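Letter by letter, the chains look like this.
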Amino acid sequence: MYMTCNDRVKCYTDAMNDHTHTPPPCAGLRIGDVAPDFEARSTIGPIRLSNFRKRWLVLFSHPADFTPVCTTEFVALASEAAAFEKRDCALMALSVDSLFSHFAWLRMIRDRFGIEVRFPIVEDPTLVIGRAFGMVSAQDSDSATVRTTFFIDPRGVIRAMTCYPANLGRSVPEMLRILDGLQAIDANAALAPANWQPGEPLLSPPTNDLDEVFAAEDPTSWFLRNSGEQR
Ligand code: BEZ
């Protein structure tokens, strides 16, 4: 059947609002797992994930090149490349699109927005990486990955992950805050409270000692306590 322009717009928005057809994305991997290793072609040449160890890594998938939200994300991330570098963190993107689609998209971004995306974008045309990371489900008939982000520490361990739908762009300040939080809790053996921002107090882990619990004058001081100086 012939499809009018308006039908196409409606189909697009219907698909965006249908949240029911895809099983949960990050289902396969959990926090604490070692990120599965892979070798793939990328916009900076062939890469192997394990070669990125010894630094932090943000590995993220995007649904497709040449799409509106993804374009804004790449402009935002590339604009903040120095902020990730300052945190000793590499960026790596991934989608099902071909290497040549990635190249053409990066060229368009450079020409239109004046920003060169220099972090690698991996091509995953067979979805073998996307499936290993739970970026697409085994049952999913749609080849697009969702906006999954893995925060991987220098040992290659997944420390945090987020999943956003195709129609909601990620927040780069929140990605940086997650990195800051993970690095601060590691450096200080501490806990980061709600809405924590760099420079704000961290919390100490609660006591394991019942005598200390009963002896505390303030009924919360045994579990709600600021940690000392931050490193
Ligand atoms: C985007 O705008 O990035 C997008 C929207 C819908 C599906 C895939 C990507």
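As shown above, the structure is provided for reference.
Below you will find a few notes about this structure. The shown structure was predicted, so the numbers you read here are calculated from the model rather than taken from an experiment.

**Observations regarding the packing of aromatic side chains**
All chains considered together, the criterion is met by nine aromatic pairs. With centroids separated by 4.6 Å and ring planes inclined at 55 degrees, the aromatic side chains of Phe74 and Trp105 adopt a geometry described as tilted. Remark: Trp105 occurs in helix α4 (residues 99–113) and Phe74 occurs in helix α2 (residues 68–79); sequence separation between them is 31 residues. Judged on exposure class, the residue Phe74 and its partner Trp105 are both buried. Their ring planes at 65 degrees and their centres at 6.1 Å tell us that Phe100 and Phe103 sit as a pair that is edge-to-face. Here Phe103 and Phe100 lie together in helix α4, a separation of three residues that amounts to about one turn. Note on Phe100: relative accessible area 55%, which makes it exposed. Exposure remark for Phe103: the relative accessible area of 38% places this residue in the partly exposed category. In textbook terms, an aromatic cluster arises when at least three aromatic residues are bridged by ring pairs, as seen for Phe60, Phe66, Phe74, Trp105 and Phe119. Sitting above the plane of the Phe113 ring, Arg112 keeps its charged end 4.8 Å from the centroid.

**Let's talk about the pattern of salt bridges**
Two side chains bearing opposite charge may form a pair once their charged atoms approach each other closely. With the rule as written, the count across this model stands at 17 salt bridges. Asp111 is the partner of Arg110 in a salt bridge, and the nearest nitrogen-oxygen pair spans 3.0 Å. Linked through salt bridges whose partners overlap, the residues forming this network are Arg107, Arg110, Asp111, Glu116 and Arg118.

**Focus on the pairing of strand β7 (residues 158–164)**
Across six bridges, strand β6 (residues 147–152) lies against β7 in antiparallel orientation. Paired with Phe150 across the two strands is Met161, which belongs to β7. The hairpin formed by β6 and β7 contains five residues between the paired strands, and Gly156 there has a positive phi angle of roughly 90 degrees.

What counts as what
Residues numbered from 1 in each chain as written. Predicted model: local features only at pLDDT ≥ 70, side-chain atom pairs only at ≥ 80, totals over all residues. Heavy atoms only, no water. Phe/Tyr/Trp six-rings, centres within 6.5 Å; stacked < 30°, edge-to-face > 60°. Helix = DSSP H or I, 4+ residues; strand = E, 2+ residues; numbered from the N terminus. Buried < 20%, exposed > 50% of the residue type's maximum accessible area, 1.4 Å probe, protein only. Lys NZ or Arg CZ within 6 Å of the ring centre and 35° of its normal. Salt bridge = Lys/Arg side-chain N within 4 Å of Asp/Glu carboxyl O. Pairing = 2+ DSSP bridges.

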